[in-house]
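Results of the structural survey
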There are 2 protein chains.
Amino acid sequence: MSLNRDYDYVQRYGLQVDSPTGNFVLPQVHVYRDVKDMPPCDVVIIALKTTHNAILPGLLPAVVKSDGVVLVLQNGLNVEPAVAEIVGSDRVMGGVCFLCANKLSPGYIVHLDYQLIALGDYRPDYTPAGRTERMQAIAQDFEQAGIPIDQSEDLLLIRWKKLIWNIPFNGLSVVLNAQTDAMMASSPICTLIQRLMQEVKMVAAAYGRYIDESFLTEMMEHTAKMTPYRTSMKIDYDEKRPLEIEAIVGQPLRAAQQKHIAVPAIQMLYEQLQFLNQMNRG
Amino acid sequence: MSLNRDYDYVQRYGLQVDSPTGNFVLPQVHVYRDVKDMPPCDVVIIALKTTHNAILPGLLPAVVKSDGVVLVLQNGLNVEPAVAEIVGSDRVMGGVCFLCANKLSPGYIVHLDYQLIALGDYRPDYTPAGRTERMQAIAQDFEQAGIPIDQSEDLLLIRWKKLIWNIPFNGLSVVLNAQTDAMMASSPICTLIQRLMQEVKMVAAAYGRYIDESFLTEMMEHTAKMTPYRTSMKIDYDEKRPLEIEAIVGQPLRAAQQKHIAVPAIQMLYEQLQFLNQMNRG
């Protein structure tokens, strides 16, 4: 299993990170093959693919201190409620990563571009939680490690903002077999991306999360300037791994349907991705 | 050039057709390398890909008798008006092929399934022409050769009917890298195909061509029972040839836009195909 492959490698050789902000190696990392061997933690970051979230009930409870926090740094929508069912909603926080990084091989991470992480504390039904004390403490830890943090008062807002990018670029990268630069260079695809973004924006608004038009423009401009990037979903596809279709596309589509909002481009993307994933997984 | 490759082969070895209705070889076929060597004809069938229609003005006038007919057996919409500009609208007839056949190599045709050809005489603006005498005469010739003919009173209606199949199956076969059987086996793709068909049906209706729901069901059922088929657009894609995107998808999309009808699935398919064609052609 690839988790064990990573474990063996990192335990022996440590972790290597290449980054435009400076390469570094962590020769010794506390790695564990089994959660049973781990001490209870103040902060547990979930960086697992959402396609493996079914194993969280067996992993999580033991490693979180009773007053600890589980920080969900996964893509997609409606991940926190599932984690809240496991550890209680008062021990859940969320966040999204606005950065480009790929794991190229076990223990070897390449950070390509951008580096912002947005945090948002969690309340049931995604009621905005404001800037909580624990969020500020965690943000401080990240920032001391050189990672810029945006402390958001509204977790659901930042989830929808990330989806503005993730739905078009992750989805289309698989359907079109393309990296970001090729998509941005195509006028018809830029039109399609912008229509997908508008649909995401519309659904977010139906949930009271208003994303300014300038954010969409910014996402287009950032992506155009970005180091050509193979999205995480495209890498999963190329590696024949399951795709995070449900978290990134299926959940937002169902959120739209619950509010009776037509999102024909998201719907078609969802159908195409389901097919391609099924063929790919044989 | 592949036209010459075909010429050389067919002149030497004739034409081989494999068909479920019986294989046969035509050892001697009247083939010409140049239209200048051809006698003027009563009936000229255009079986060229629409992507090459720019060469028609140089081919057509000389080979059609003054009282002859050009029969456009191509896919897509709005092909006849362009041919009418070359030879005059009174010498144009159209038709669509409801059959599965592929050219596997020069001079070698494999007919896989179905065999109906629908003919419709042409009038400016696709005004229904009824069952004209010349259409009946041409139909008789086809039928004497064992090819079933549907004589339609309305060319535009049969064009839209063919698009009911061509838009979803030709388009998606390229985007999804799939044959008909894989698409029909996928529930999300069947849903998408039916939505695309509904969009085509809606645009046809805006032009006064009403396609019954039972025809859509029939197309789905026929395709499900069909010998697994690689569509003509998929073959063109695999062979790195230009795709008939404009005739099959672009023209119907613009027809929808002229009537202010939203066809989001056709639009997205068009954008995706343009991108894939561009990448494929380098």
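The text that follows walks through the structure, step by step, so that each part is easy to find. (Residues numbered from 1 in each chain as written. Chains lettered and ligands numbered in written order. Predicted model: local features only at pLDDT ≥ 70, side-chain atom pairs only at ≥ 80, totals over all residues. Heavy atoms only, no water.)

1. Quick word on the environment of Q274(B)
Here is the rule: Comment: elements are numbered from the N terminus, with helices defined as DSSP H or I runs of at least four residues and strands as E runs of at least two. Should any heavy atoms of two residues lie within 4.5 Å, those residues are considered in contact.
Within the element layout of this structure, Q274(B) appears in helix α11 (residues 264-280). Excluding its chain neighbours within four sequence positions, the residues that come into contact with Q274(B) are P188(A) and I245(B).

2. Concerning the packing of aromatic side chains
The condition that has to hold: In this scheme Phe, Tyr and Trp rings, the latter by its six-membered ring, pair at centre separations within 6.5 Å, and the angle between planes marks the pair as stacked below 30 degrees, edge-to-face above 60, and tilted otherwise. Criterion for a charge above a ring: Arg CZ or Lys NZ at most 6 Å from the ring centre, at most 35 degrees from the ring normal.
What the rule picks out here adds up to nine aromatic pairs over all chains. For the ring pair Y9(A) and Y13(A), a centre distance of 4.7 Å and an interplane angle of 40 degrees mean the geometry is tilted. One end of the pair is Y9(A) and the other is Y13(A), both in helix α1 (residues 2-13) and four residues apart, which spans about a single turn. Taking NZ or CZ as reference, K161(B) lies 4.9 Å from the ring centre of F215(B), over its face.

3. Looking at the relation of the copies chain A and chain B
Basically, it comes down to this: All copies are superposed by least squares; the fitting set is the C-alpha atoms of residues with a pLDDT of at least 70 in both.
Mapping chain A onto chain B calls for a screw motion: a turn of 180 degrees about the axis and a shift of 0.0 Å along it, with 0.0 Å RMSD after fitting. One copy is carried onto the other by what is essentially a two-fold rotation axis. Nearest to the rotation axis, the C-alpha of P264(A) is located 3.1 Å from it, this being the minimum over chain A.

4. Here we look at the interface of chain A and chain B
In plain terms, the rule: Two parts placed together each lose some accessible area under a 1.4 Å probe, and the buried area is that loss summed for both. Whenever Lys or Arg places a side-chain nitrogen within 4 Å of a carboxyl oxygen from Asp or Glu, that contact is recorded as a salt bridge. Two N or O atoms form a polar contact when they lie within 3.5 Å of each other; inside protein one atom must be a possible hydrogen donor and the other a possible acceptor, and for residues adjacent in sequence the pair counts only when both atoms belong to side chains.
Contacts between chain A and chain B engage 23 residues on the former and 24 residues on the latter. The junction of chain A with chain B conceals about 1900 Å² of combined surface from both sides, 70% of it contributed by carbon and sulfur atoms. The largest share of the area that chain A buries against chain B comes from M268(A), E271(A) and F275(A), three residues that together contribute 32% of it. Remark: the boundary between chain A and chain B carries two salt bridges. Of the charged contacts, one joins E271(B) and R195(A) as a salt bridge, the two residues approaching to 2.8 Å between their closest N and O atoms. At the surface where chain A touches chain B, the tally comes to three residue pairs in polar contact (both at pLDDT 80 or more). With eleven residues, the top contributor of residues to the side of chain A that touches chain B is helix α11 (residues 264-281) of chain A.

5. A short note on helix α10 (residues 245-258) of chain B
Residue and element names in this part refer to chain B. Basically, it comes down to this: The span expected for a helix works out to 1.5 Å for each residue beyond the first. We define the bend at each residue as the angle formed by axes fitted to the 7 residues ending at it and the 7 residues starting at it. For every residue, the accessible area (1.4 Å probe, protein chains only) is compared with the maximum for its type, and the residue is labelled buried under 20%, exposed over 50%, or partly exposed between those bounds.
Relative to the 20 Å expected for 14 residues at 1.5 Å per residue, α10 spans 18 Å between its end C-alpha atoms, a close match to the ideal helical length. At Q251, α10 shows its largest kink, close to 25 degrees, and the proline P252 lies no more than four residues downstream. Taken together, the buried positions of α10 are occupied by I245, A247, I248, V249, G250, P252, L253, A255 and A256. Where α10 is buried, its residues touch α5 (155-175), α7 (187-206), α9 (232-238) and α11. Two residues or fewer past α10, H260 is found with a positive phi of approximately 55 degrees.

6. Concerning the nonpolar core
Heads up, the condition is: Note on terminology: a nonpolar core comprises buried Ala, Val, Leu, Ile, Met, Phe, Trp, Tyr and Cys residues joined through side-chain atoms within 4.5 Å.
Ranked by size, the top nonpolar core spans 148 residues in total, and within it V83(A), W160(A), V83(B) and W160(B) carry the most contacts. Those residues within four positions of V83(A) in sequence are excluded, and the remaining contacts are I46(A), L56(A), L60(A), V70(A), V72(A), G88(A) and V92(A).

7. Re the side chain of D121(A)
Residue and element names in this part refer to chain A. Note on placement: D121 falls in strand β6 (residues 108-121). Using a relative accessible area of 2% as the deciding quantity, one classes D121 as buried. Polar side-chain contacts of D121 include one of 2.5 Å to the side chain of T132. Of note is the side chain of D121, whose polar atom sits 2.7 Å from the side chain of R134. The contact partners of D121, leaving out residues within four places of it in the chain, are V92, M93, A129, T132, R134, M135 and L155.

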